[in-house]
Amino acid sequence: MSSIILPGRRRGVRDKISRLHWPLIILLTMIAGAGVITLYSVAEGHWQPWALKHALRFMAAFVIMAGIAMVPIRYWLAMAYPLYFASLAALMAVPFIGVVNMGAQRWIEFGGMQFQPSEAMKIGLVLGLARYYHGLRAEQVSHILYLIPPALMIGAPVGLIFIQPDLGTALLLAATGAIIIFVAGLSWRIGFAAVIGAIAAGYGAYRFEILKEYQISRILTFLNPDRDPLGEGYHLLQSKIALGSGGLDGKGYMEGTQSQLKFLPEMQTDFIFTIFGEEFGFVGAVGLLLLYFAVIITGLSVAMNTKSHFGRLVSTGVVATFTLYVLINTGMVMGLAPVVGVPLPLVSYGGTVMLTIMAGFGFVMSAHIHRDQDMYRSSDL
């Protein structure tokens, strides 16, 4: 299962810069810009405490993305396992040295800054699984023995994140891992059986009270928001009111009553799409969603046009993570999914999430720049 790497033509820095996926860069910048103006509005027309930091973080993350993109994809193949296990080690360290915020122990403090290892694992898992399946033959993908390693690679971080507790991130990570396995060529029969097993496991977690009380309450509130309109259902009801009040073209920039009068919680993070929808209306909300859709389609196009199997799987995994972020957050604020605390990528305030998303697209751009560079597997020769 070892890989034989056949390097393509060496490219200079100037050549690589010209081969960056500039349409994708423009799309990501536009989405981040939407985040800046919304955070400026949430702060009632002030750059502090969110909008300026968001803009500066995006610029720093952009540099990191470009740096990752410049590195040939074959080197990321070699670094995939080390990066996965480094992310796993950071997750394992959280219970011992992690910082508690808002009742959950999810962060590690380093040099006066905090970062969330679960976010790094979203990229580490994509790289690790892509590296694993890069070395398999097509007939091995659905063999039960070869399903054990990826199951452990997914199960270990999902379990560690679940006990933090962070149900939303755990589910997102599990879904991303499943998508990569399917794209790698998993049999539909096994995939269908796995989905049935996941549903049964979810019901068992609910039935035998493995989930925490507040997590069960959130699920029940999702099914019936009116069961506790002044408690668990308050956030969702206020979010729906704000989105509905935006109408077709919105109330106007910085004129949203739900946001300016502070009816909504966590406006700078989880419910920022609600603020955007109230101020810019249905037209603005659809416009933002179309930008996300364009990023997703562009990322999948990169995956389809990349020669290396590793590059295809990495690009698909990054796009899958990005897509799940968008679907879960927007579904959550519209009442189509339980409230699980998943941010809206590049729009919600948050340094670790910003870095994760931009680093992920750095790998996508590395696959794009070096798309003619094949890395044949020994099983193919």
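Above this note sits the structure.
Just so we're clear, the structure is a prediction, and the values are computed from it rather than from any experiment. (Residues numbered from 1 in each chain as written. Predicted model: local features only at pLDDT ≥ 70, side-chain atom pairs only at ≥ 80, totals over all residues. Heavy atoms only, no water.)

Looking at the packing of helix α3 (residues 51-70) against helix α14 (residues 351-369)
Keep this limit in mind: Lines are fitted to the C-alpha atoms to define the axes, a helix being fitted only along its stretch in contact, and any angle between axes, read from their N-to-C directions, falls within 0 to 180 degrees. For helices the rule is a DSSP run of H or I covering at least 4 residues; for strands it is a run of E covering at least 2, with both sets numbered from the N terminus onward. Every angle not falling under 35 degrees, over 145, or within 65 to 115 is termed oblique; those three ranges are roughly parallel, roughly antiparallel and roughly perpendicular. Handedness of each helix crossing follows the sense of rotation of the near helix against the far helix: counterclockwise by less than a right angle gives left-handed, clockwise gives right-handed. For this analysis, residues touch if any pair of their heavy atoms sits within 4.5 Å.
The contact between α3 and α14 brings their axes to 8 Å, and the two run at 30 degrees. Compared by their axis directions, α3 and α14 come out roughly parallel. For the pair α3 and α14, the sense of crossing is right-handed. Residue-level inspection shows H54, R57, F58, A61, F62, I64, M65, I68 and A69 of α3 in contact with α14, the latter providing G351, M354, L355, M358, A359, F361, G362, F363, M365, S366 and I369.

Here's the deal with the packing of helix α5 (residues 117-134) against α14
Note the cut-off: Only Asp, Glu, Lys and Arg are considered charged in this grouping, and only Ala, Val, Leu, Ile, Met, Phe, Trp, Tyr, Cys and Pro are considered nonpolar; every other residue, Gly among them, is considered polar.
Interaxial distance between α5 and α14 falls to 8 Å at its minimum, and their mutual angle equals 20 degrees. Accordingly, the angle class assigned to the pair α5 and α14 is roughly parallel. At the point where α5 passes α14, the crossing takes the right-handed sense. Seen from α5, the contacting residues are E119, A120, K122, I123 and L127; seen from α14, they are T352, V353, T356, G360 and F363. Looking at side-chain class alone, the contact of α5 with α14 contains five nonpolar, three polar and two charged residues.

A word on the nonpolar core
Quick note on the threshold: As used here, the term nonpolar core means buried Ala, Val, Leu, Ile, Met, Phe, Trp, Tyr and Cys residues forming a set that is joined through side-chain atoms within 4.5 Å. Type-normalised accessible area, obtained with a 1.4 Å probe on protein chains alone, sets the label of each residue: buried when under 20%, exposed when over 50%, and partly exposed for intermediate values.
Of all hydrophobic cores here, the largest spans 95 residues; its most connected members are Y133, F310, F322 and F361. With near-sequence residues (within four places) excluded, F361 lies in contact with L24, L28, M65, V295, V318 and F322.

Brief notes about the sheet that holds strand β1 (residues 99-101)
Keep this limit in mind: In this scheme, strands are said to pair when DSSP sees at least two bridges between them.
Spatially, three strands are ordered β1-β2-β3 in an open sheet, and the strand pairing comes out antiparallel. The sheet terminates laterally at β1 and β3 (113-115), the two strands that pair on one side only. Direction aside, the axes of adjacent strands within the sheet are offset by 50 degrees on average. Bridge count for β1 against strand β2 (residues 104-110) is three bridges, and the pairing is antiparallel. Opposite N101, over in β2, you have A104 as the bridge partner. Contacting β1 and β2, helix α4 (residues 73-97) crosses the sheet at an angle of about 100 degrees to β2.

Things to note about a nonpolar patch on the surface
Stated formally: Like charges are joined within 9 Å and nonpolar side chains (Val, Leu, Ile, Met, Phe, Trp, Tyr) within 5 Å, but only among residues with over 30% relative accessible area and no salt bridge; these make up the patches. Working definition of accessibility: Shrake-Rupley area with a 1.4 Å probe, residue cover restricted to the visible protein chains. Salt-bridge detection follows one rule: a side-chain nitrogen of Lys or Arg within 4 Å of a carboxyl oxygen of Asp or Glu.
Taken together, F182, F192, V195, I196 and I199 make up a surface patch of nonpolar side chains, about 480 Å² in accessible area. Ranked by residues supplied to the nonpolar patch, first place goes to helix α8 (residues 188-207) with four residues. By secondary structure assignment, the location of F192 is in helix α8.

Here's the deal with α5
Put simply, the test is: The span expected for a helix works out to 1.5 Å for each residue beyond the first.
Its 18 residues give α5 an end-to-end C-alpha distance of 25 Å, which sits within 8% of 26 Å, the value for a rise of 1.5 Å per residue. Counted residue by residue, α5 has 17 buried out of 18 residues, so it is predominantly covered.

Considering the environment of Y292
Along the polypeptide, Y292 turns up in helix α12 (residues 272-304). On the accessibility criterion, Y292 (1% relative accessible area) is buried. Spatially, the C-alpha atoms of Y292 and I31 are 7.7 Å apart, while their sequence positions differ by 261 residues.

Focus: the environment of G277
When you line up the elements, G277 lands in helix α12. A relative accessible area of 3% means that G277 is categorised as buried. In this view, G277 contacts L243, G246 and A285; residues no more than four positions away in its chain are not counted.

So, the pairing of β2
Relative to β3, β2 is paired through three bridges, and the arrangement is antiparallel. Bridging across to β3, E109 finds its partner in Q114. Linking β2 back to β3 in an antiparallel pair, the connection comprises two residues, with G111 at a positive phi of about 60 degrees.

Looking at the packing of aromatic side chains
Inclusion rule: In summary, the pairing rule links any two rings of Phe, Tyr or Trp, Trp by its six-membered ring, whose centres are within 6.5 Å, and it sorts them by plane angle into stacked for under 30 degrees, edge-to-face for over 60 and tilted for everything else.
Using the criterion set out here, one finds eight aromatic pairs in the structure. Geometrically, the ring pair formed by F322 and F361 is edge-to-face, given 5.2 Å between the ring centres and 80 degrees between the ring planes. On the criterion of sequence distance, the pair formed by F322 in helix α13 (residues 309-333) and F361 in helix α14 is long-range, its members being 39 residues apart. We note that F322, like F361, is buried. Three or more aromatic residues joined by ring pairs make a cluster, and in this case those are Y253, F276 and F280.

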